[in-house]
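# Residue-level structure breakdown
Residues per chain are reported as follows:
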Amino acid sequence: MDSLMAALVAALLIRASDNSADLTAIVAERSKRTGLILFGALIALIITQTVAAIAGMLVAHYLTPNAARLMFAFSLLMASGGAVWPRKPVKPGTAHHPFVAITSKLIATGLGDRTMFATFAVAAGGVPALAGVGGFIGGFVILTAAAVAGETLWGQRPRRAIDWTIGGVLLIAGAWLAFSALRLI
């Protein structure tokens, strides 16, 4: 259960400060096919989170519990930096098939992103299947909120304040886990 909650909360926080939610909101509103866009996001998240959970499972045998905790701390610290770093505006392009566009873009950007790294780290130190499910649920909740809100409403949220708050929370959690893994606290 710890793996599920750790990956879920990490995915919620990281995806909320990520360009993938902006992209999903833009494509959903412009195409007026929110259900189809959410289905594409669902497929992309299943693929990326499954790859992260399997990779974590393969690495888990080589890590001590403290090393796995330190890797999760490092993933949170990297995510905090990504949250506060200024993002480029999303340019979705003009696609004739929004389902293919959103699915391929989320898979391409999702392989190796901050959410996938956090799920990988949780899977390496815990139960890989629960980490994958937690990362999937957390990511899908944020992408669903973005798609339902649409480009206009999603774009009106106080982005910088949210990003800085999320970055601070991730920084504190990552630092605490790192000090704990190094036996400094």
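Details of the structure are given in the entry above.
Fair warning: this is a prediction, and the values are worked out from it, not measured in the lab. (Residues numbered from 1 in each chain as written. Predicted model: local features only at pLDDT ≥ 70, side-chain atom pairs only at ≥ 80, totals over all residues. Heavy atoms only, no water.)

### A few points about the environment of Leu177
Spelled out, the test is: Helix numbering and strand numbering both begin at the N terminus, where a helix is a DSSP run of H or I of at least 4 residues and a strand a DSSP run of E of at least 2. Relative accessible area decides the class of each residue, using a 1.4 Å probe on protein chains only: under 20% of the type maximum gives buried, over 50% gives exposed, and in between gives partly exposed. Every residue pair with non-hydrogen atoms within 4.5 Å of one another is taken to be in contact.
By secondary structure assignment, the location of Leu177 is in helix α8 (residues 159-181). Its relative accessible area of 13% is what places Leu177 among the buried residues. Placed 140 residues apart in sequence, Leu177 and Ile37 show a C-alpha to C-alpha distance of 36 Å. Those residues in contact with Leu177, other than ones at most four positions away along the chain, are Arg69, Phe72, Ala73 and Leu76.

### Examining a nonpolar patch on the surface
Put simply, the test is: Patches here are clusters of residues that have more than 30% relative accessible area and form no salt bridge, with a 9 Å joining cutoff for like charges and a 5 Å cutoff for nonpolar side chains (Val, Leu, Ile, Met, Phe, Trp, Tyr). The Shrake-Rupley method, run with a 1.4 Å probe, gives the accessible areas here. Residue values count only the displayed protein chains as cover. Within this document, salt bridges are pairs made up of a side-chain nitrogen of Lys or Arg and a carboxyl oxygen of Asp or Glu, the two lying within 4 Å of each other.
On the surface, Leu70, Trp176, Phe179, Leu182, Leu184 and Ile185 cluster together into a nonpolar patch covering about 640 Å² of accessible area. Judged by its relative accessible area of 41%, Phe179 is partly exposed.

### Regarding helix α6 (residues 114-125)
The test is simple: Each residue after the first adds 1.5 Å to the expected span of a helix.
For α6, which comprises twelve residues, the first-to-last C-alpha distance of 17 Å matches the rise-based estimate of 16 Å (1.5 Å per residue) to within 8%. Of all twelve residues making up α6, ten are buried, and the element is well covered by its neighbours. Regarding α6, the residues found buried are Arg114, Thr115, Met116, Ala118, Thr119, Phe120, Ala121, Val122, Ala123 and Ala124. Buried residues in α6 make contact with α1 (2-16), α3 (34-60), α4 (65-84), α5 (98-110) and α7 (128-155).

### Examining the packing of aromatic side chains
Our working definition: The aromatic pairing rule takes the rings of Phe, Tyr and Trp, using the six-membered ring of Trp, and pairs them if the centres are within 6.5 Å, calling planes under 30 degrees apart stacked, those over 60 edge-to-face and the rest tilted.
With the rule as written, the count across this model stands at four aromatic pairs. Measuring from ring centre to ring centre gives 5.7 Å for Phe39 and Phe99, while their planes differ by 15°; the resulting arrangement is stacked. Within this pair, whereas Phe39 is found in helix α3, its partner Phe99 is found in helix α5, the two being separated by 60 residues in sequence. Aromatic rings pair up to connect Phe74, Phe117 and Phe120 into one cluster.

### Re the pattern of salt bridges
Evaluation of the coordinates by the stated rule reveals seven salt bridges. We note a salt bridge from Arg15 to Asp18, for which the minimum N-O separation is 3.8 Å. Side by side, Arg15 and Asp18 carry an identical accessibility label, which is buried.

### Remarks on the packing of α4 against α6
Selection criterion: Axes here mean lines fitted to C-alpha atoms, for a helix over just the part in contact, with angles spanning 0 to 180 degrees between N-to-C directions. For classification purposes, an angle smaller than 35 degrees is called roughly parallel, one larger than 145 roughly antiparallel, one from 65 to 115 roughly perpendicular, and anything else oblique. A crossing counts as left-handed when the near helix is turned anticlockwise from the far one by less than a right angle, and as right-handed when that turn is clockwise. The residue classification treats Ala, Val, Leu, Ile, Met, Phe, Trp, Tyr, Cys and Pro as nonpolar and Asp, Glu, Lys and Arg as charged. All others, Gly included, are polar.
Running from N to C, α4 and α6 point in directions that differ by 165°, and their axes come no closer than 8 Å. Relative to α6, the element α4 lies roughly antiparallel. Of the two elements, α4 crosses α6, and the hand of that crossing is left-handed. Residues Ala68, Met71, Phe72, Phe74, Ser75, Met78, Ala79, Gly82 and Ala83 of α4 form the contact with α6, whose participating residues are Arg114, Phe117, Ala118, Phe120, Ala121, Val122, Ala124 and Gly125. Classifying every residue of the contact of α4 with α6 by side-chain character gives 13 nonpolar, three polar and one charged.

Keep in mind that these numbers describe shape and distance, not what the molecule does.
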